[in-house]
Amino acid sequence: MTSYEGRRALIVGGTSGVGLATARAFAERGAETVIASRSPHKLQAALAELAPLAGKSTAQALDIRSDTEVEEFAEAAGAFDHVVVSAAETPMGRVDALPLADAYAAMDSKFWGAYRIARSVTIDPEGSLTLVAGYFSQRPGKASALQSAVNAAMEALVRGLALEYAPLRVNAVSPGLLRTPLWDGLTAEARDAMYEAAAGRLPVGRVGTPADAAAAVLFLADNPYTTGSTVYVDGGGTIA
């Protein structure tokens with residue numbers, strides 16, 4: 001495993017799911033890891049989980065929907081070696097049923113949030129910026145046109161940033177269905193039935209975990225010859 005001792009990593013959305021798994025992976029390898037999120041309560045819970053690991057971990061309350069907050073954070077935080085943006089709120093729903101306010105909020109949270117971080121946060125040119133998108137960019141569903149568009153925009157942003165910010169490496173990880181707190185609103189029975197049905201369709205025969213996506217983020221952070229790319233961590237969901 002690559003050691004990240006002496007390196008700084010920022011994980012935006014690092015309090016649950018893919019973000020927390022990624023923060024854990026960097027901290028295990030010795031990085032000084034900063035997790036950022038809107039929720040102080042979630043930040044403290046995540047920080048307690050990261051505390052026993054090898055690297056030093058700190059938490060920062062940050063709303064990436066706010067131009068001012070992002071700019072102030074970036075000015076105070078200094079430079080990072082690796083930045084990962086995993087924060088987003090993207091409600092599901094048909095275009096003709098989802099309120100426009102919710103659609104605007106989803107784009108502001110996921111796309112413009114990542115854009116703000118990429119625009120303001122200082123990253124070492126020898127480091128990496130990784131955005132977490134989603135495989136709906138390639139495999140839309142019957143009530144996910146918005147998610148498809150947002151995730152496709154994220155992947156396109158990565159390709160443009162890889163050219164604009166070179167030699168900084170800019171990539172995306174696009175997960176498929178994962179066992180994350182995103183589905184906690186379902187009953188246990190409904191959630192298990194969804195996972196079982198998905199596992200039956202996927203070539204790998206199982207549903208993914210946040211650690212699967214985090215491993216892809218670390219691969220991109222480690223690999224000096226990969227930029228402008230999207231890694232799909234979907235168990236074969238885009239082809240099944």
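Heads up: the structure comes first, above all this text.
### A closer look at the overall build of the protein chain
Alright, step 1. The helix and strand tally for the protein chain stands at 7 helices and 7 strands.
Alright, step 2. Along the protein chain, helices and strands appear, N-terminal first, in the series β-α-β-α-β-α-β-α-β-α-β-α-α-β.
Alright, step 3. In terms of overall size, the protein chain behaves like a compact globule, its C-alpha atoms giving a radius of gyration of 17 Å where 240 residues would be expected to give roughly 18 Å.
Alright, step 4. Summarising its shape, the C-alpha atoms of the protein chain cover approximately 45 × 40 × 35 Å along the three principal directions.
Alright, step 5. Looking at the 240 residues of the protein chain, the share that counts as buried comes to 48%.
Alright, step 6. Accessible area of the protein chain: about 11600 Å², with a carbon and sulfur share of 54%.
Alright, step 7. Taken together, the 20 basic and 26 acidic charged side chains of the protein chain have centroids lying 5 Å from each other.

### Side note on the packing of aromatic side chains
Alright, step 1. Enumeration according to the criterion identifies 6 aromatic pairs in this entry.
Alright, step 2. Between Phe73 and Phe80, the aromatic rings sit 6.4 Å apart at their centres with planes inclined by 15°, giving stacked as the arrangement. An identical accessibility class is assigned to Phe73 and Phe80; each is buried.
Alright, step 3. With a centroid separation of 5.0 Å and an interplanar angle of 85°, the aromatic rings of Phe111 and Trp112 are classed as edge-to-face.
Alright, step 4. The exposure class assigned to Trp112 is partly exposed, which follows from its relative accessible area of 37%.
Alright, step 5. Through successive ring pairs, a cluster of aromatic residues spans Phe111, Trp112 and Tyr115.

### Let's talk about helix H7 (residues 210-222)
Alright, step 1. Taking 1.5 Å per residue, 13 residues should reach 18 Å; H7 reaches 18 Å between its end C-alpha atoms and fits that length.
Alright, step 2. Those residues of H7 that fall on the buried side of the exposure criterion are Pro210, Ala213, Ala214, Ala216, Val217, Leu218, Leu220 and Ala221.

### Re unusual backbone geometry
For residues besides glycine, phi is generally negative; the peptide bonds are generally trans as well.
Alright, step 1. Cis geometry is found at the peptide bond from Ala166 to Pro167, where omega equals 15°.
Alright, step 2. Looking at the secondary structure, you find Pro167 in the loop between helix H5 (145-164) and strand E6 (169-175).

### Regarding the nonpolar core
Alright, step 1. The biggest cluster of nonpolar side chains holds 35 residues, and the ones touching the most others in it are Leu10, Val83, Ile117, Val121 and Leu129.
Alright, step 2. Mapped onto this core, the elements with two or more residues apiece are strand E1 (8-12), strand E2 (32-37), helix H3 (67-77), strand E4 (80-85), helix H4 (100-120), strand E5 (123-132), H5 and E6.
Alright, step 3. Of the residues forming this core, the biggest block, 7 residues, is contributed by H5.
Alright, step 4. Filtering out sequence-adjacent residues up to four positions away, Leu10 remains in contact with Val34, Ala36, Phe73, Phe80, His82, Val83, Val84 and Val121.
Alright, step 5. The next biggest cluster of nonpolar side chains, apart from the first, holds 24 residues, and it includes Ala9, Ile11, Val18 and Ala23.

### Points about the sheet that holds E4
Alright, step 1. Spatially, E3-E2-E1-E4-E5-E6-E7 is the arrangement adopted by the 7 strands of the open sheet, whose pairing is parallel. Strand pairing shows two members of the sheet lacking a second neighbour, strand E3 (57-61) and strand E7 (230-233), which therefore form its edges. With direction set aside, neighbouring strand axes in the sheet form an average angle of 20°.
Alright, step 2. In terms of strand pairing, E5 meets E6 through 5 bridges, oriented parallel. Bridge pairing links Leu129 to Val170 in E6.
Alright, step 3. Sitting on the sheet, helix H1 (residues 17-28) touches E1, E2, E3, E4 and E5, and the angle it makes with E1 is about 170°.

### Notes on the packing of H1 against helix H2 (residues 40-50)
Alright, step 1. It is at 10 Å that the axes of H1 and H2 come closest, and there the two elements cross at 35°. Taken as a pair, H1 and H2 cross one another with a handedness that is right-handed. On H2, the residues touching Leu20, Ala23 and Arg24 of H1 are Ala46, Glu49 and Leu50.

### As for the environment of Leu10
Alright, step 1. Here Leu10 lies in strand E1.
Alright, step 2. For the pair formed by Leu10 and Ala79, sequence separation is 69 residues and the distance between their alpha carbons is 9.6 Å.

### Side note on the pairing of E5
Consecutive side chains along a regular strand alternate between the two faces of the sheet.
Alright, step 1. Judged by how many residues are buried, E5 sits mostly within the fold: 7 of 10 residues are covered.
Alright, step 2. Of the strand pairs in this sheet, E4 and E5 are connected by 5 bridges, and their pairing is parallel. By the bridge assignment for E5, Phe80 is matched with Ile123.
Alright, step 3. Between the parallel elements E4 and E5, the chain passes through H4 in a crossover that is right-handed.

Parameters and conventions
Residues numbered from 1 in each chain as written. Predicted model: local features only at pLDDT ≥ 70, side-chain atom pairs only at ≥ 80, totals over all residues. Heavy atoms only, no water. Helix = DSSP H or I, 4+ residues; strand = E, 2+ residues; numbered from the N terminus. Rg over C-alpha atoms; globule rule 2.2 N^0.38 Å. Buried < 20%, exposed > 50% of the residue type's maximum accessible area, 1.4 Å probe, protein only. Areas by Shrake-Rupley, 256 points an atom, 1.4 Å probe, with all protein chains shown as cover. Lys, Arg positive; Asp, Glu negative; His and termini not counted. Charge placed at Lys NZ, Arg CZ, Asp CG, Glu CD. Phe/Tyr/Trp six-rings, centres within 6.5 Å; stacked < 30°, edge-to-face > 60°. Expected span 1.5 Å × (residues − 1). Core = buried A, V, L, I, M, F, W, Y, C linked by side-chain atoms within 4.5 Å. Contact = heavy atoms within 4.5 Å. Pairing = 2+ DSSP bridges. Axes fitted to C-alpha atoms, helices over the stretch in contact; angles between N-to-C directions. Left-handed = near helix turned anticlockwise from the far one by under 90°. Right-handed = clockwise from strand over helix to strand, strands pointing away.

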